[in-house]
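Coordinate inspection notes
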Amino acid sequence: MAEYTLKVTTGSMLHAGTLDNLYVTLIGTERQSERTQLTSLGLDDTNGKVGTFAVTTLFTLGCLLFLKMEKDPLEKDWFCSTIVVTTPEGDEMIFPCHRWLSKGEFVLLRGGRATKAFEDLHPKLVDQRKKELVQQKIMYKWALYAEGLPYMVDIKDVNALPAESRISFSRAFEIQKTKKEIHAEFELKGLTDLDQQFESFEALKMASLVKKTPLAEYVSEHWKDDDFFGHQFLNGNNPFIIQRCSKLPSNFPLTEEMVQPFLAIGSSLNAEMKEGNIFLSDYKIMEGLDTKVIDGKPTVVTPALCLLYLNPQKKLLPIAIQLSQQPSEENPIFLPTDSESDWMLAKMFVRSADALHHILVSHLLRTHLLPEVFTMATLRNLPNNHPLRKLLTPHHRFTIPINIIARENLLGPGGFFSKSSLDKEGQLELMRRGLSRTTYSSLCLPENIAARGLESIPNFHFRDDALRLWSIINSFIQSMVAYYYPSDSEVSADSELQEWINEIFYHGFLGNYDSGFPSSLQTVEGLIQVVTTVVFTSSASHSAGNRGQFDYLGWIPNGPLILNKAPPTTKEQSSMEDILAYLPKKSNAILAMKYGWLFRGNFSDFEPLGTYPEQRFAEPAALQMIEDFQAELSSLSVAITKRNAKLELPFNYLNPKEIENSPGI
């Protein structure tokens, strides 16, 4: 007789346990075991429980290929984490599962080392690998979201997803709990469903600080300050617009005389441009977008040009703002020496354009819709035993269900984005333009920073932290990829990998060769770069834009998604009392505050970057690489915390402890 010992681990999440009977069949190269019942007494319904069982056979089974696990068709679903099998010879083999089993369902698990398709030699392995991908492609079908935008999953109801692809019970509960708590707090203060303007900045502040953070309070006190306005181009929600300016655009007719008072004594605009101290944020992408009509008048989104100066004190200050792309008498260039209200309104229109660009392009498009394409391509083309599937799975967690919810609750009729200046077509067009401008190099952070000439501008904490993160992630990916792909020929020979990258190219970048994104992979170096980009975009880039949305946009004047009046076309016609009339109505403003707070994403099942709580790799070398990765991230976290202790405005959005593995909110 031969005995195989099984250690079966239940998941640690809510409602993971079971009282049902389970049945297992071991399948080897020589023969398979009898269907063996695993009594529920060994597991009960406790989360995280480990049960030990034995499967006996007359003869050894040969090399183990599969483990078939079945569940009684009686009680609730059960989440199986892993099954570790010890053979009669004393060898251990891990069978990762990490999925829910429904009533009467079975799953065929693959154990052992991660493999690529051409490494599977046994006919049963080859056949099962093909069947798995066929099933995945049936479940996860592509659908067109809108012309000119990345494709999406062809599922509109999150409950139609496989259970393991849905949002966890705990996160779903906490999202609903947070929504109810926020609504109750605003209701307590009489601040719900109010179709009126705020009567004073004091009333606005009372509403904004129903929920508060130290940084949100700072913003409410300093939003008018020029140096804080400049600070946000580097360390706010959207540090992806600003670039060094060596020559003024032809449609920005700024003269030396206009800006001379704001430059160092004895200097000039040309001299400062040569020194690399002049920067430009150009919102041309916003030009001509369809906007909502309110009371018979269209709202306005300004395709502004904002010129900034790095002064001798190393502060980045705005020195000129033009609110439309085409110069004219009705499109004046606003300056810091204009009236307080004129200058304030010009900055508000810039901040409004920046907030819309951040939410729809930098955040939604680049760190949600593209990661959905990455996730879909992985699920459809890389079987569970593929090394890249094991590596990327934590970075795909919750991506698909969160996007399904976002398309309904945020982008759908009456949703959050319906309260912005842009109508539905305007929102889609902005994202289309964003995708057409998204290149492979713009997603590769070091190239992005260099292309915008921002390598040396001081106090750019986003750049400093992001470059270190990119380096750490890249080093980890390099080690893992080199381990599983020791030569270029193994990359080019991996048919599943080629299908994966091809689907990303065609369904994410719409087959646009000008994007620079590859449609195939032929080298180890090329694969490392792509995987680094996927991981960085899904984790760090998402965190940089998501974690601070309440901090910077919770104070509505600092980033209004809608302004109720057209921008001034002449100077000296506004007053500080007029500014309140430009701001969103109470109901719109409060909705923005509520979602900003929710998007902070402080959930009990938060998985920080570098954690791999689901054991998928069995190889000691891969496990050691993960440990080394975690150690590097921990060192960076310590360094960021130490740096932040010396800053008036800490930048913590790229602290590895604060970055979730995936865009899970």
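Residues numbered from 1 in each chain as written. Predicted model: local features only at pLDDT ≥ 70, side-chain atom pairs only at ≥ 80, totals over all residues. Heavy atoms only, no water.

A closer look at the overall build of the protein chain
- Assigned secondary structure in the protein chain consists of 21 helices and 17 strands.
- Its C-alpha atoms give the protein chain a radius of gyration of 28 Å, near enough to 26 Å, the size a compact globule of 665 residues would have.
- For the protein chain, the spread of C-alpha atoms along the principal axes amounts to about 95 × 55 × 45 Å.
- Within the protein chain, the fraction of its 665 residues that count as buried is 59%.
- Accessible surface for the protein chain amounts to roughly 26900 Å². Of this, 52% is attributable to carbon and sulfur atoms.
- Taking the average place of the 65 positive charges on the side chains of the protein chain and the average place of its 80 negative ones, the gap between the two points comes to 2 Å. (Helix = DSSP H or I, 4+ residues; strand = E, 2+ residues; numbered from the N terminus. Rg over C-alpha atoms; globule rule 2.2 N^0.38 Å. Buried < 20%, exposed > 50% of the residue type's maximum accessible area, 1.4 Å probe, protein only. Areas by Shrake-Rupley, 256 points an atom, 1.4 Å probe, with all protein chains shown as cover. Lys, Arg positive; Asp, Glu negative; His and termini not counted. Charge placed at Lys NZ, Arg CZ, Asp CG, Glu CD.)

Examining helix H16 (residues 495-508)
- Here H16 spans 19 Å end to end across 14 residues, near enough to the 20 Å set by a 1.5 Å rise per residue.
- Taking burial as the measure, the 14 residues of H16 include 10 buried ones, the bulk of the element.
- For H16, every residue scored as buried is listed here: Glu 496, Leu 497, Gln 498, Trp 500, Ile 501, Glu 503, Ile 504, Phe 505, His 507 and Gly 508.
- Where H16 starts, the residue carrying a side-chain oxygen 3.2 Å from the main-chain nitrogen of Glu 496 turns out to be Asp 494.
- In the segment just after H16, Leu 510 is the residue with positive phi, at about 55°. (Expected span 1.5 Å × (residues − 1). Polar contact = N/O pair within 3.5 Å; in protein donor to acceptor, adjacent residues only side chain to side chain.)

Describing the domain arrangement of the protein chain
- The domain boundaries assigned to the protein chain delineate domain 1 (2-111) and domain 2 (360-553 + 587-658).
- On the side of domain 2, 6 residues touch domain 1, which itself brings 7 residues to the contact.
- Buried area between domain 1 and domain 2, both sides added, is near 550 Å², and the carbon and sulfur share of it is 54%.
- At the boundary of domain 1 with domain 2, the tally comes to 0 salt bridges.
- Viewed at the interface, domain 2 and domain 1 are joined by 1 residue pair in polar contact (both at pLDDT 80 or more). (Domains from an automatic or database assignment. Contact = heavy atoms within 4.5 Å. Buried area = accessible area lost by both parts, 1.4 Å probe. Salt bridge = Lys/Arg side-chain N within 4 Å of Asp/Glu carboxyl O.)

Some points on the sheet that holds strand S6 (residues 78-86)
- If you trace the 4 strands from one edge of the open sheet to the other, you get S4-S1-S6-S7, paired in antiparallel fashion. Each of the sheet's edge strands pairs with one partner strand only, and the pair in question is strand S4 (50-57) and strand S7 (92-101). Recorded for the sheet is a direction-independent mean angle of 20° between the axes of neighbouring strands.
- Here 8 bridges tie S6 to S7, and the two strands are oriented antiparallel to one another. Considered in S7, the bridge of Val 84 is made with Ile 94. (Pairing = 2+ DSSP bridges. Axes fitted to C-alpha atoms, helices over the stretch in contact; angles between N-to-C directions.)

Brief notes about a nonpolar patch on the surface
- A cluster of nonpolar residues, Met 1, Leu 58 and Phe 59, forms a patch on the protein surface that exposes about 420 Å² of accessible area.
- Mapped onto the fold, Leu 58 is located in the loop between S4 and strand S5 (64-71). (Patch = residues over 30% accessible without salt bridge, like charges linked within 9 Å, V, L, I, M, F, W, Y side chains within 5 Å.)

Re the sheet that holds S5
- Taking strand neighbours across the sheet as the criterion, the 4 strands line up as S3-S2-S5-S8 in an open arrangement whose pairing is antiparallel. In this open sheet, the two strands that pair with only one neighbour each are strand S3 (36-38) and strand S8 (106-110). Averaged over all pairs of adjacent strands, the angle between their axes in this sheet comes to 30°, without regard to strand direction.
- The strands touched by helix H1 (residues 123-139) within the sheet are strand S2 (22-28), S5 and S8, with S5 carrying the most contacts at an inclination of about 50°.

Quick word on the side chain of Ser 362
- Structurally, Ser 362 can be placed in helix H8 (residues 340-381).
- A relative accessible area of 6% places Ser 362 in the buried class.
- Among the polar contacts listed, one links the side chain of Ser 362 to the side chain of Asn 238, at a separation of 2.6 Å.
- Residues within four places of Ser 362 in sequence aside, it is in contact with Asn 238, Phe 240, His 357 and Thr 367.

Side note on the UniProt feature "site: Essential for stabilizing binding to COTL1" (unreviewed entry) in the protein chain
- With numbering aligned to this structure, UniProt lists the feature "site: Essential for stabilizing binding to COTL1" (unreviewed entry) at Trp 100.
- Considering the arrangement of structural elements, one finds Trp 100 in strand S7.
- Here Trp 100 is in contact with Met 13, Leu 14, His 15, Ala 16, Asp 77, Trp 78, Phe 79, Glu 105, Ala 163, Glu 164 and Phe 169, once residues within four sequence places are set aside. (UniProt positions renumbered as here; feature names shortened; annotations may be inferred.)

A look at the packing of H1 against H8
- Taken N-terminus to C-terminus, the directions of H1 and H8 make an angle of 140°; their axes are 7 Å apart at the nearest point. Taken together, the axes of H1 and H8 are oblique relative to one another. Note on element contacts: H8 touches H1 through Leu 379, Arg 380 and Asn 381, opposite Leu 133, Gln 136 and Lys 137. (Parallel < 35°, antiparallel > 145°, perpendicular 65-115°, else oblique.)

Re the packing of aromatic side chains
- Under the counting rule described, the total for this entry stands at 25 aromatic pairs.
- In this structure an aromatic cluster arises from ring pairing among Phe 416, Phe 417, Tyr 595 and Phe 599.
- Taking NZ or CZ as reference, Arg 35 lies 3.9 Å from the ring centre of Tyr 23, over its face.
- Lys 116 extends its terminal NZ or CZ atom over the ring of Tyr 485, reaching a point 4.8 Å from the ring centre. (Phe/Tyr/Trp six-rings, centres within 6.5 Å; stacked < 30°, edge-to-face > 60°. Lys NZ or Arg CZ within 6 Å of the ring centre and 35° of its normal.)

Quick look at the pattern of salt bridges
- If you walk through the whole model with that rule in mind, you get 32 salt bridges.
- Note that Asp 127 and Lys 131 form a salt bridge whose closest N and O atoms lie 3.2 Å from each other. Pair noted here: Asp 127 and Lys 131 are both in helix H1, with a separation of 4 residues, about one helical turn.
- The class for Asp 127 is partly exposed, based on a relative accessible area of 37%.
- Here Asp 338 ties to Lys 571 by a salt bridge, and the two come within 2.9 Å at their closest N and O atoms. A residue pair is termed long-range when its members are at least 10 positions apart, and Asp 338 in the loop between strand S17 (333-334) and H8 and Lys 571 in the loop between helix H18 (549-553) and helix H19 (579-582) qualify at 233 residues.
- A single network of salt bridges, built from pairs that share partners, joins Arg 171, Arg 397, Asp 605, Glu 607 and Glu 660.

Overview of helix H3 (residues 201-208)
- Within H3, burial applies to Phe 201, Ala 203, Leu 204, Ala 207 and Ser 208. Buried positions in H3, seen along its axis, are confined to an arc of 155° and lie on one side of it.
- Looking at the buried residues of H3, the elements they touch are helix H2 (169-188), H18, H19 and helix H20 (586-598). (Arc of directions from axis to C-beta.)

Quick look at the packing of H8 against helix H11 (residues 424-437)
- Orientation of H8 relative to H11, taken along the N-to-C sense of each, is 65°, at an axis distance of 10 Å. Considering only the axes of H8 and H11, their crossing is right-handed. Contacts between H8 and H11 involve Leu 356, Leu 360, Val 361, Leu 364, Leu 365, Arg 366, Leu 369 and Leu 370 on the former and, on the latter, Gln 427, Leu 430, Met 431, Gly 434 and Leu 435.
- For the contact of H8 with H11, the per-class residue count stands at 10 nonpolar, 2 polar and 1 charged. (Left-handed = near helix turned anticlockwise from the far one by under 90°. Nonpolar A, V, L, I, M, F, W, Y, C, P; charged D, E, K, R; others polar.)

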